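Coordinate inspection notes
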Amino acid sequence: MTSSWQPFLNSQTSQPYYKDLQVYLRMRKKEGAIIYPPEEEIFNAFELTPVDEIKVVILGQDPYHGEGQAHGLCFSVREGNRIPPSLRNIFKELHADVGIAIPQSGELTQWAQNGVFLLNTILTVEQKSPAAHKGKGWEAFTDGAIEYISKEKDEVVFILWGAHAQKKTYLINESKHLVLAAPHPAAEVYAGGKAGFFGSKPFSKTNAFLDEEVDWEL
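The structure reproduced in this document is the subject of the present report. (Residues numbered from 1 in each chain as written. Predicted model: local features only at pLDDT ≥ 70, side-chain atom pairs only at ≥ 80, totals over all residues. Heavy atoms only, no water.)

A short note on empty space enclosed by the protein
Tallied over the entire structure, the rule returns 1 cavity of 30 Å³ or more. By volume, the largest cavity amounts to about 30 Å³. Every residue lining the largest cavity is listed: I42, P63, G72, N120 and L123. When the residues that make up the lining of the largest cavity are grouped by side-chain class, the tally is 3 nonpolar, 2 polar and no charged. (1 Å grid on protein atoms, 1.4 Å probe; cavity = no way out; pocket = protein on both sides within 12 Å on 5 of 7 lines; lining within 4 Å. Points joined across faces, edges and corners; volume = space filled by probe spheres on them. Nonpolar A, V, L, I, M, F, W, Y, C, P; charged D, E, K, R; others polar.)

What follows is the structure, encoded as structure tokens:
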């Protein structure tokens, strides 16, 4: 992680839950589990977006569980992968909201480098087994990260799509931050485009709140 995250990391790695989590991950690897993203990319969101550069936090749940997809940023897939349905809907709303052309790649590294912290609440998963690492300790780590941002920063936009993300609202000081809640983009797949994600305008609302706008172009 970048040095700006070091105080947070130091506060977590000495805790029993974190040590138990690392033991569990090592055990699953020894048992032959294929874990995504690759070990060197688990903390990609933290490495690409230093605390002092965060303008926006977008919360996801856990990484994609197919080979070569996950690379440590929520909703993002590596270059060359088919764009998942949720991300396709995010791109549709991006175009409708601020007029940006729908990207041809699902890799969101540029957003991360522009101050958008793309955090999954669970940072690892097993091949073809969604939510395999739910309840193993990552939630304590990422809850801590959300609280840390809320405490250390001012005027950050937290974009919470869907019930899972919205359960994290209690970690955020809404007196100094903006919380934008909307249905999950995946809901539009099953609701014929009428779930309420489309038209929620998260990108323009974010830029209206911030002193320095986010460049959403990819």
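The rest of the description comes next.
A short note on the packing of aromatic side chains
A complete count under the given rule lists 21 aromatic pairs for this structure. Consider the rings of F8 and F46, whose centres lie 6.5 Å apart with planes at 5°: the pair is stacked. Separated by 38 residues along the polypeptide, F8 in helix α1 (residues 6-13) and F46 in helix α3 (residues 44-48) bring together distant segments of the chain. A residue is classified by how much of its surface remains accessible, and F8, at 1% relative accessible area, is buried. Residue F46 is classed as buried on the basis of its relative accessible area, which comes to 0%. Taking the centre distance of 5.0 Å and the plane angle of 85° together, the rings of W111 and W216 count as edge-to-face. Here W111 is found in helix α5 (residues 109-113), whereas its partner W216 is found in the segment after α9 (202-209), with 105 residues between them in sequence. Each member of the pair, W111 as well as W216, carries the same accessibility label: buried. Counting every residue linked through ring pairs, the aromatic cluster contains W5, F8, Y17, Y18, F43, F46, F117, W138, F141 and Y148. (Phe/Tyr/Trp six-rings, centres within 6.5 Å; stacked < 30°, edge-to-face > 60°. Helix = DSSP H or I, 4+ residues; strand = E, 2+ residues; numbered from the N terminus. Buried < 20%, exposed > 50% of the residue type's maximum accessible area, 1.4 Å probe, protein only.)

A short note on the layout of surface pockets
Looking at the largest pocket, its volume works out to about 510 Å³. Together, 28 residues line the largest pocket, and D62, Y64, F75, S86 and H184 are the ones closest to its centre. Listing elements by their share of the lining of the largest pocket, those giving two or more residues are β2 (56-60), α4 (85-98), α7 (162-166) and α8 (187-190). A breakdown of the residues in the lining of the largest pocket according to their chemical character gives 16 nonpolar, 11 polar and 1 charged. Taken together, 13 residues line the second largest pocket, and the ones lying closest to its centre are Q22, L25, K29, E39 and I42. Element by element, the count of residues in the lining of the second largest pocket is highest for helix α2 (residues 16-30), at 5 residues. Residues that form the lining of the second largest pocket fall into these classes: 9 nonpolar, 1 polar and 3 charged.

A word on the nonpolar core
In terms of nonpolar packing, the biggest core is built from 63 residues, with W5, F46 and F141 touching the most fellow members. When residues of this core are assigned to their parent elements, the largest contribution, 6 residues, is made by helix α6 (residues 138-152). (Core = buried A, V, L, I, M, F, W, Y, C linked by side-chain atoms within 4.5 Å.)

Some points on the environment of K55
Within the element layout of this structure, K55 appears in the loop between α3 and β2. Remark: the alpha-carbon pair of K55 and A96, spanning 41 residues in sequence, is separated by 22 Å. In this structure, K55 is in contact with N114, G115, E155, V156, V157, L210, E212, E213 and V214, ignoring residues within four places of it in sequence. (Contact = heavy atoms within 4.5 Å.)

A few points about the sheet that holds strand β3 (residues 116-120)
Paired through their backbone hydrogen bonds, the strands of a sheet run either parallel or antiparallel. Reading across from one edge, β3-β2-β5-β6 is the order of the 4 strands in this open sheet, with parallel pairing throughout. Pairing within the sheet leaves two strands with one partner each, and these edge strands are β3 and β6 (178-182). When the angles between neighbouring strand axes are averaged without regard to direction, this sheet yields 20°. Across 5 bridges, β2 lies against β3 in parallel orientation. Within β3, the residue paired with L59 across the bridge is L119. (Pairing = 2+ DSSP bridges. Axes fitted to C-alpha atoms, helices over the stretch in contact; angles between N-to-C directions.)

A few points about α2
Here α2 spans 21 Å end to end across 15 residues, near enough to the 21 Å set by a 1.5 Å rise per residue. Against the buried residues of α2 lie α1, β1 (35-36), β4 (125-126) and α6. Looking one or two residues beyond α2, the residue adopting positive phi is G32, at roughly 100°. (Expected span 1.5 Å × (residues − 1).)

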